[in-house]
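Okay, here's what each chain looks like letter by letter:
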Amino acid sequence: MSKRIEAIRGMNDVLPADIPAWHRLEAVAREAMAVYGYSEIRLPIVEQTALFERSVGEATDIVEKEMYTFTDRGGDSLTLRPEGTASCVRAGISNGLLHNQRQRLWYSGPMFRYERPQKGRYRQFYQIGAEAFGFEGPWLDVELLLLSRRIFNGLGIRNLRLQVNSLGSPETRRRYREALVDYFSSAHEQLDEESQRRLKRNPMRILDSKNPDMAELIAGAPEILSYLDDASAAHFAGLREGLDAAGVEFTVNSRLVRGLDYYTHTVFEWLTDELGSQGAVCAGGRYDGLVEELGGKATPGVGWSMGIERLVALMQSQGSAPDAPPPHAFLIAVGRPAAIEMLKLAEKLRDAVPGLRLSGQAGEGSLKSQLKGADRSDAGVALIIGKDELADGRVAYKPLRSNEEQVLLTSDEVTGRLAALSG
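Cut-offs and rules
- Residues numbered from 1 in each chain as written.
- Predicted model: local features only at pLDDT ≥ 70, side-chain atom pairs only at ≥ 80, totals over all residues.
- Heavy atoms only, no water.
- Helix = DSSP H or I, 4+ residues; strand = E, 2+ residues; numbered from the N terminus.
- Rg over C-alpha atoms; globule rule 2.2 N^0.38 Å.
- Contact = heavy atoms within 4.5 Å.
- Areas by Shrake-Rupley, 256 points an atom, 1.4 Å probe, with all protein chains shown as cover.
- Lys, Arg positive; Asp, Glu negative; His and termini not counted.
- Charge placed at Lys NZ, Arg CZ, Asp CG, Glu CD.
- Salt bridge = Lys/Arg side-chain N within 4 Å of Asp/Glu carboxyl O.
- Buried < 20%, exposed > 50% of the residue type's maximum accessible area, 1.4 Å probe, protein only.
- Phe/Tyr/Trp six-rings, centres within 6.5 Å; stacked < 30°, edge-to-face > 60°.
- Lys NZ or Arg CZ within 6 Å of the ring centre and 35° of its normal.
- Expected span 1.5 Å × (residues − 1).
- Core = buried A, V, L, I, M, F, W, Y, C linked by side-chain atoms within 4.5 Å.
- Pairing = 2+ DSSP bridges.
- Axes fitted to C-alpha atoms, helices over the stretch in contact; angles between N-to-C directions.
- Left-handed = near helix turned anticlockwise from the far one by under 90°.
- Nonpolar A, V, L, I, M, F, W, Y, C, P; charged D, E, K, R; others polar.

Q: Please clarify how the overall build of the chain should be interpreted in this entry.
A: Check the secondary structure of the chain and you find 15 helices and 16 strands. Relative to the 2.2 N^0.38 estimate, which gives 22 Å for 423 residues, the radius of gyration of the chain is 28 Å and therefore markedly larger than a compact globule would have. With respect to the three principal axes, the spread of C-alpha positions in the chain is 90 × 55 × 45 Å. Sequence separation of 24 or more characterises 71% of the internal contacts of the chain that already satisfy a separation of 6 or more. For the chain, the exposed area adds up to about 21,100 Å²; of that, 48% sits on carbon and sulfur atoms. Computed over 51 positive and 58 negative side-chain charges, the separation of the two mean positions in the chain equals 4 Å.

Here's what the structure looks like:
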C-alpha cells in the first residue's frame, strides 16, 4: 500500500457538514453588501511581493515571518496574499477604479500566513472584506461598522464587543513613536526579546504583545490619544458620535494599534470571548495614505475584514449554524431496467420542480438495503420502481415521515406531489 498523503499543516479541508454554515454566511454577507451599495471584486491569490512589503510594512510580523513567498520561473518574487486590502487597492489603481471616483468594494477568498496553527488560526484561512475609497469623513467609518453589525445580526451571532481607537495622522504617529521609544528604552531590561526587536523597528507593536510579564509595563506607556492633532481628534469624535447615534455600543481601547503599517485615524476590532485566544472576528480601520503609497493619486480609504472560520465557529457554538437540508425524495430502483427508468424520471422531476433535492443509491443494493438508506437520509418520501411498478408504468410513492400509506402514482402525479412538498 502506498504511503498516505496528508494535508499540509494548517491548511484544512472544509467538510460537507460545515458547508451549510459557510453558505449561510456568504449569502448574508452578499445581501448586506448589496444593501449598503458595495460591489463585488474578485482578486488574484498571487501578487508581487513588493505589494505587501510596501503596504503592510517591512517591519511587520507578516512580512518578516509569515508570508508564503517564492520566485517564479521568470525570476519574479511572488507572494500568496496574506491579506486583502493591499490587493484591492492594487486592483483599484491598475483598473482605473479610484481616479477621481468613490468606490465601495467587497471581496472574499483565501489568505495565507505561515503561523503556528491553532483553533481559529490557520495557514490558509478565508476572509470577507469590505473597502471604501474616496470618503474622508468619519461617517463612512461608521457605515462600515454598521455593515459588519448587520452581517453579525443576520447570522444570529451574539455577545460581540466593539473596540475602537485612533492612530491619528502620520505626524501623530511620528510623535507618538518617539514617545514610545523614550518610554520603553528607559525600561529596556524589562522588554522580552521580541519587544526589544520591535523597539528598533516598530515600537507601536509592543503594545500588542501577549506576554503577561509585560502587561504592567505596557499599561504605563503613553496613550496615543494624547498625541492627536486637532483634525484627528475631530475625526475620532465624529466616529464616536456616529456610533452613539446608531446605537452601537463600543469601548475606546487606546492600546489598540493593529498589526499593519498602513492604518491611520480609525482602527477597530469586533471581539468575542468564546474562541479562546483568537478573539478578533472582524477588524479594520482607515488607511488614507495607502493608495498614494502604492502609486495612485492620494485617495482616502477605509475597510475591514472578517474571518470566515471564526464566524462559522461562533455560529456553531451559539446554535445558529444551519444543517444541510435533507433530500425531498430518495430514489429506489430494483434491477437494471428499473434503474434506467428511474434515471429518466429523476431528470424529469429536476426539470419540472426547481430546487428539488433528490438522492439515492443509483439502483445499487437490494430493496431492503435501499429502504434503510432512505431512512438514514431523512428524506420525506421514497420513490420506488421495481419489477411490478415498471410493468404498470407507475411509481410507488412511500411517505417516510408520516403514517400515510404507500400509493402508486403516474410520473405526472409524482411531479405534482413533490412540487407541493418542496414548495
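Q: Would you explain the pattern of salt bridges in this entry?
A: Overall, the coordinates contain 19 salt bridges when judged by the stated rule. With a closest N to O distance of 3.1 Å, Arg42 and Glu40 form a salt bridge. You can call Arg42 exposed: its relative accessible area is 68%. Where Asp273 meets Arg161, a salt bridge forms, and the shortest distance between an N and an O atom there is 2.8 Å.

Q: Explain the packing of aromatic side chains to me, please; I cannot follow it from the model alone.
A: Aromatic ring pairs are defined here through the distance separating the ring centres and the angle between the ring planes. Within the structure shown, the criterion is met by 8 aromatic pairs. Between the aromatic rings of Phe133 and Tyr287, the centroid separation amounts to 6.1 Å while the plane-to-plane angle is 65 degrees, which identifies the pairing as edge-to-face. Here Tyr287 lies in the loop between strand S10 (280-286) and helix H10 (290-293) and Phe133 lies in strand S6 (residues 124-133), a separation of 154 residues in the sequence. Both residues of the pair, Phe133 and Tyr287, count as buried. Put simply, the rings of Phe133, Tyr262, Tyr263 and Tyr287 pair up and form one aromatic cluster. Sitting over the face of the ring of Tyr114, Arg123 holds its NZ or CZ atom 3.9 Å from the ring centroid. Arg417 extends its terminal NZ or CZ atom over the ring of Tyr397, reaching a point 5.2 Å from the ring centre.

Q: Help me out: how do you make sense of the side chain of Ser148 in this one?
A: Note on placement: Ser148 falls in helix H5 (residues 139-155). The residues contacting Ser148, other than those within four sequence positions of it, are Trp270, Cys282, Trp304 and Met306.

Q: So what exactly am I meant to see when it comes to helix H1 (residues 19-35) here?
A: Two residues of an α-helix separated by three or four positions point the same way, owing to the 3.6 residues in each turn. Between its terminal C-alpha atoms H1 stretches 24 Å, which fits the 24 Å expected from 17 residues at 1.5 Å a residue. Its buried side turned inward, H1 meets strand S5 (103-112), S6, H5, strand S11 (301-307) and helix H11 (308-317). In the stretch just after H1, Gly37 is the one whose phi turns positive, near 80 degrees.

Q: Would you take a moment to explain the nonpolar core for this structure?
A: Soluble globular proteins tend to pack their nonpolar side chains together in the buried interior. In this structure, Tyr38, Leu147, Ile151 and Trp304 are the most contacted members of the largest nonpolar core, which totals 45 residues. Top element by residues in this core is H5. It accounts for 9 residues. Leave out the neighbours within four places in its chain, and Ile151 touches Val28, Ala29, Ala32, Met33, Trp304 and Met306. Counting 42 residues, the second-largest nonpolar core is a separate cluster that includes Met111, Phe125, Phe184 and Leu207.

Q: I keep staring at the environment of His188 and nothing clicks. Help me out?
A: Take His188: it is sitting in the loop between helix H6 (170-185) and helix H7 (193-201). Accessibility expressed as a relative area gives 34% for His188, which makes it partly exposed. The sequence separation of His188 and Ser377 amounts to 189 residues, and the corresponding C-alpha distance is 64 Å. Each residue touching His188, except ones within four places of it in the same chain, is listed here: Gln196 and Leu199.

Q: Looking at this structure, I do not really get the pairing of S10. What am I missing?
A: Two faces, one strand: in a regular strand the side chains alternate between the faces of the sheet. The buried fraction of S10 is high, at 6 of 7 residues. In this structure, strand S9 (residues 264-271) lies alongside S10, joined through 6 bridges in antiparallel fashion. Counterpart to Leu271 in the pairing with S10 is Ala280. Relative to S11, S10 is paired through 5 bridges, and the arrangement is antiparallel. The partner of Gly285 across the bridge, within S11, is Gly303.

Q: Explanation requested: the packing of H6 against H7 in the structure shown.
A: Each pair of packed helices can be summarised by the angle the axes make with each other and by the distance between the axes. The contact between H6 and H7 brings their axes to 10 Å, and the two run at 145 degrees. The way H6 lies across H7 gives a crossing that is left-handed. From H6, Arg177, Leu180, Val181, Phe184 and Ser185 reach across to H7, where they touch Leu199, Lys200 and Arg201. A class-by-class count of the residues in the contact of H6 with H7 yields 4 nonpolar, 1 polar and 3 charged.

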